[in-house]
Every structure is written in C-alpha cells, then in structure tokens.
Amino acid sequence: MQVSDPNNVKIYNLSAGKSLPDWLSDRKRRALQNKDIDVRRRIELIQDFSMPGLSTSVKLSPDNNYILTTGIYKPRVRCYDVNNLSMKFERCFDSEVVTFQVLSDDYSKLVFLQCDRYVEFHSAGGRYFRLRIPKFGRDMRYHLSTCDLYLVGSGSDIYRLNLELGQFLNPFMSEASEINKVAINPVHRLVAVGTREGKVEAWDPRSRGRVGLLDCALSAITPDTNPDMSGFPSVTALEFHGALNLSVGTASGQVLLYDVRSDKPLRVKDHMYGLPIRDIAYCQDHVLSMDSSVIKIWNKDSGTLFTSIEAGNITQFNNLCSVPNSGLMFIANEAPKLLTYYIPSLGPAPKWCGFLDNLTEELEETVMETVYDDYKFVTKNELEDLGLSHLIGTNLLRGYMHGYFIDIRLYRKAKSVAEPFAFEEYRRRKIREKIEEERKNRVQIQKLPKVNKDLALKLMNDASNEKKKKKNTGDLLADDRFKDLFENPDFQVDKNAEEYRLLNPVLSRLDKAKVKEMKKKLAEQFEPVEDEEEGKASSEGESMEDSSSEDDQELSKELRRTHRQITRERRQKEWEERKKVEEEGQEEGKHRQPKFYELKAGEEFGGVSAPKRHQINKATLEERLKQEYQNNIRVLTTGNREMTFTVKKKGVRNAEAIAKHHEERKQLMRPPPKGLARSKFFSGMKRRR
C-alpha cells in the first residue's frame, strides 16, 4: 500500500507493492513473505486482479457484486466476485474489446463491442450470439425501457438493435460525420450522443426525433481556457447525473457541466494538460474527470480542486470505475495490474471490504505532495513576452528550477492583454482548416519548384504518359527522399557543363514544340512562379505529331552541333592556358638571374650537372607537374593527355660482342681424338647453336 497526501487529502493506492507470480508454490510464497517486508506489507484486495498485458475497460455490475474487466493479450474478459475476493471466470475473444455493457443485474447477460465491427452476446454459460454492424463501433448503451441497444461509431447513423425482437430498427440519422460517445439518462431515458464536430445531439426514443442540440466546441473556449490549447474540442466523454445534469468531456481537455434545460454550460473546468477526457464520474458533490495522465476530483458547484491522482511516467489511464456511495475506485491502465485507489474523504469503504476503514486509521505513513492546479509554470522568456518581468522577486512569482510559478488568473489576464485577438485568430484558423478540408475534393493547384524547373516539367510529362499507359513507376516530385532536389539550390543542374550539354538527360527527348505545348497546358493549371524561364516560341507550322525518325534525325543533328561547339570552346580554352603558361615561363626567365660557379685550386670544370634526385623530390607538386607538362605531355583536342617516352630493351647485345663470344667458344672446344674412323656418312664437324 502506498499513501499520498496531495492537497491535504489522503489517497491510498491499494495496488502498490510487489506482486507474486502465479506459478509459485505456497511454500515459496510463504518464504518470500517472511523474507521480504514489502511483500508482507502489501494488500491484495482482490486475488489475481490483473491482465496479461494491459486492461482497456472495467465496470461494476448493477448489483455491485461483480467486477468485470477486459484487456489483452490475448483479448479476454475476467469476472471477479467481490464476496469471495477472487476471480469467478475468464473468457477469451477473437479480437480486442472496445467497450461492453452489463444487461442484467449480475454477470449472466453481457454484450461486447469489438474492434472488428462484431457484437458478441454472452450468457452465464458463454457466448450466446454474434453479429456485425455496418461501421466500426466506438460506444454503445442499453435502453432498459425499450430493450434497445444503441451503437455509434465512425458513421453518422445511430444503430438501434431491439433485443426483444432480435432485429435492427431504423437508425437515427444525425448531422455529424462521426459519433464518439452515447449516453442514456437513467431517469427519463433521453439519449444523447457526442459528435466529432463538438456537438451533443439529444434524441427522444418515443418520438424518434432529435429534440435538442448543444454546441460544446464554442462553449469550451472561455477566458479561463488554456491559451495553449491545440486540437479541435470534439466530444470524447458523456455522463448524466440525475435527471437534469449532463457533463461533457472534450478532446482538448475541458469538462463542461450543463443543465439540459439550457444551452449554456454551468461551469467549464480545464485540465490544463491538453489531453482528451476519457471518463467522467460523480461521487456525491464531486466530479471525477479523467484523461490519460491524471484524475482530477473537484467540486461541481464551485469548481475548486479537491485532490488529484497522477499516473506518472510509468502508465496511462484508460477507463475509470467508481463504486457508488464509496471512496473506492478501479482504473484500467496500460499495465498488467489494475489500479485500486481508496479515498476515505469521498466516502466509506464498501461492505465487502469494510476492513479498509480500520486499516487506514492505523496507518501513519504520509507522503506529502503538492498539486499546482491554480498555478502555471512559465520561463523567463515567456515573462518578458507577457510584460511581467518586473514581477521577478515579488510574492506573485515563486522561483522553481529554470522558471517561475504564477497564478493562473494573473497569467490569463496578462495573456489576454498581450494577445487581445487570440480568440479571433483561433476562430479564423479553424475556419481556414474547415475550408481546406472542403477543398480537398477540388482540383489541387500546384506550383512548379524554384529549383530544377525543367526537370520537374519533364517528370510531370512522364507521369501523365504513365497514367495514360496505366503504369506506375513512382513519382520523384511526391517522394520526400528527393525533395531537396527541387528545394536546395546546391542541387541545381548546371546547364553550361559539358556533360549536361553532351548528354542532355532532361530535355533531349522533348523537342521545342512539345515543350511549348506542355507549358501551355500547365499555364492553366499551375500558378506562375517568379523568375520562371519561358521556353522559346515555336513556329506555328510545327506539328505535334512528327514521326519518330524525324525526331531522331533532329536530335542527332543537335547533338553533333553541340559537340562541335564544345570542341571549339575546349580548344580555345587549351590555347589560352598554353599561352598563359608560356607567358609565365618567359616572365620567370626574365627575372631569373645567372648563376656563377667558383673553381677551387686543382679542381677541373665538369659542366653543369642535372638536378639530383633529392632536389627533384624537394620541388613542389605544381613545379614538377609544370616541368613534366612542358617536356613530354601534350594535351589533345579531345581533352586527353599524351605522354612520350622511350623504353630501353633489356638483353640486346651488339654484333661485336656476339662475334667475340663465338671466337672464345671455338678456342675452348676440344679437338676430336686422332685415328678415329669417320663415319661413312660423316659430313664434317657440326656447329653448335
């Protein structure tokens, strides 16, 4: 158990502490309890009150004897009996559960809305029936007096499934594009639905018509609203309290309390977090509003904060279930263990866990925390923007870390003075967003990029041809990986480069007539861009249906003409460089002074020797390249370099050395023995080769 004291209100976290795995034996459990004090001091209110992965929703049966919760993974539902403080049964599903309803007083009749549009009905023995709805569902409620099950979702229809007849009735047609929530008043059975447009529509099942409409989006914006609010205030939570009170939660983090007889809210409470409100519950005179990070408990008449429960960085809240007439609540969250909180100031413990009252009286451990609900943290730069920097050092600002805490009322007044037209800007921005959404179905007006416009023009032409041929090879203009090619000036194609002029990969396949025709077509569709180069006008007699052979001949002529022009420019450039080098050499010769050598006594003049190897190595690379260039390197007209050098063949001897060698071999040859009979066919001594 963990005890906190935010705003001087004690909150007991009954799910805190270490949890033991299910596969441990009783002997090991007892051993761990004797050794570990945290395990021994933990309170396990309900045995195995958890899910394998996370829990999505938790509800209490109408007779308050059973707790049902859904979660993953695998998708399942678990039922807990509060009288035995243990799990009663567990069932698995084919897909994740969005929400569920208890149709009977106990667990014997259940209905589950799943994320794949299926609706499952369960009895005490298991799954009873399964059907599918046309649109993806988001919420559902059971109308007890007519036995109708109301389902809403991603469409504008409010589906009605009569469980007595076992068939769908004619749906209610709303004006909304999507419906997020539905609620039914427990007294007069009025049906209310919350839409994506931030409106609440009220429907009377008796007349089968809409009887009221509340625009909560405009009412959510007040002088006390967080000025940093982002997102549209769609309705994300609905809850009735009694016959006349209605609470509405928005996606921008506001809670609005209404009297159904008026279209103006009685009170607007801002969570100041900017997160969607997920659940709203009532406990006596207090409202429990929950988003994914905090549960705020505040007075419904004055709006003052009573206390709050923060989720922290470890988990996020998904669903809230408050036990009626009690200070106990259950929270489904993004963690395996379901959270259980007990606040004695809100009410006593339920009958089935009455020992909590005696236990909390004996606890003395307190953890002090501070809730800054009426203060806002601002930095020094924000104070300067608001014109409140002169308050630094006064009691109106409290220094904290790298900024200050300021009263929220003073902050809102300064914000309204510094930005008097903030609401008008917000209104105009929303109007522009609405207009842009309506323009999506119209023809999109695009602009040619400022970088590589010719390349973009060719890509557009290729894309149009691919659409005609029903091919899809990708679009570079729509690919974010190549956006710098049309935005960064460093990637601009240099049209004066020799490679571009020879290869011409962009516009060589488009003749002048085609370029002109493309620009005429795009002039009607695209907005003009500054400094855009217009193509040269083609003659009126040119036709768009030239044969491919004529195009190839014209292209080859243009390439030859370009090649000749580049060759002339290259020769001119080489001649200028050679002339410059010669002039530099003559200039160096003029400034070069003669070098005199002094002969010492007894020394003979051997001539001027060539520079030695180490002297050549000491020379700079520029000097060596210039020397080699002047001696044996010649630049050709094609741009290549030609080097002339001689190679000495190894092993070549002159004729005199060969003749001398033969004479030496003859002298060394041993004469044949005397008296040796010659062969009949002897023809003389053979010369060895």
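In short, a report on the structure.

Before going further, it helps to spend a moment on the sheet that holds strand E32 (residues 397–400). Strands sit in the order E31-E33-E32 across an open sheet of three strands; the sheet is antiparallel. Each edge of the sheet is formed by a strand with only one pairing partner; in this case those strands are strand E31 (375–379) and E32. Neighbouring strand axes in the sheet, compared pairwise and without regard to direction, differ in orientation by 35° on average. Of the strand pairs in this sheet, E32 and strand E33 (residues 403–407) are connected by four bridges, and their pairing is antiparallel.

In this section: the packing of aromatic side chains. Describing an aromatic ring pair means giving the distance of the ring centres and the angle of the ring planes. Counted according to the given criterion, the structure contains nine aromatic pairs. Aromatic side chains Phe377 and Phe405 sit 5.8 Å apart centroid to centroid with 70° between the ring planes, which places their arrangement in the edge-to-face category. Pair noted here: Phe377 is in strand E31 and Phe405 is in strand E33, with a separation of 28 residues, a long-range link. Put simply, the rings of Phe49, Tyr80 and Phe330 pair up and form one aromatic cluster.

Our next topic: unusual backbone geometry. With an omega of -5°, the peptide bond between Ile72 and Tyr73 qualifies as cis. One can find Tyr73 in the loop between strand E4 (66–72) and strand E5 (76–81). Residue Leu85 is not a glycine yet carries a positive backbone phi of 55°. Structurally, Leu85 is set in the loop between E5 and strand E6 (86–92).

Turning our attention to the pattern of salt bridges. Going through the model one piece at a time under the given rule, you end up with 14 salt bridges. With a closest N to O distance of 3.3 Å, Glu90 and Arg78 form a salt bridge. Of this pair, Glu90 sits in strand E6 while Arg78 sits in strand E5; the two residues are 12 residues apart in sequence, bridging distant segments of the chain. A relative accessible area of 11% means that Arg78 is categorised as buried. For Lys430, the salt bridge goes to Glu433, with nearest N and O atoms at 3.7 Å. Of the two residues, Lys430 and Glu433 are both situated in helix H7 (residues 422–438); the distance of three residues between them amounts to about one turn of the helix. Judged by its relative accessible area of 17%, Lys430 is buried. For Glu433, a relative accessible area of 37% gives the class partly exposed.

Reading guide: rules and limits
- Residues numbered from 1 in each chain as written.
- Predicted model: local features only at pLDDT ≥ 70, side-chain atom pairs only at ≥ 80, totals over all residues.
- Heavy atoms only, no water.
- Pairing = 2+ DSSP bridges.
- Helix = DSSP H or I, 4+ residues; strand = E, 2+ residues; numbered from the N terminus.
- Axes fitted to C-alpha atoms, helices over the stretch in contact; angles between N-to-C directions.
- Phe/Tyr/Trp six-rings, centres within 6.5 Å; stacked < 30°, edge-to-face > 60°.
- Salt bridge = Lys/Arg side-chain N within 4 Å of Asp/Glu carboxyl O.
- Buried < 20%, exposed > 50% of the residue type's maximum accessible area, 1.4 Å probe, protein only.

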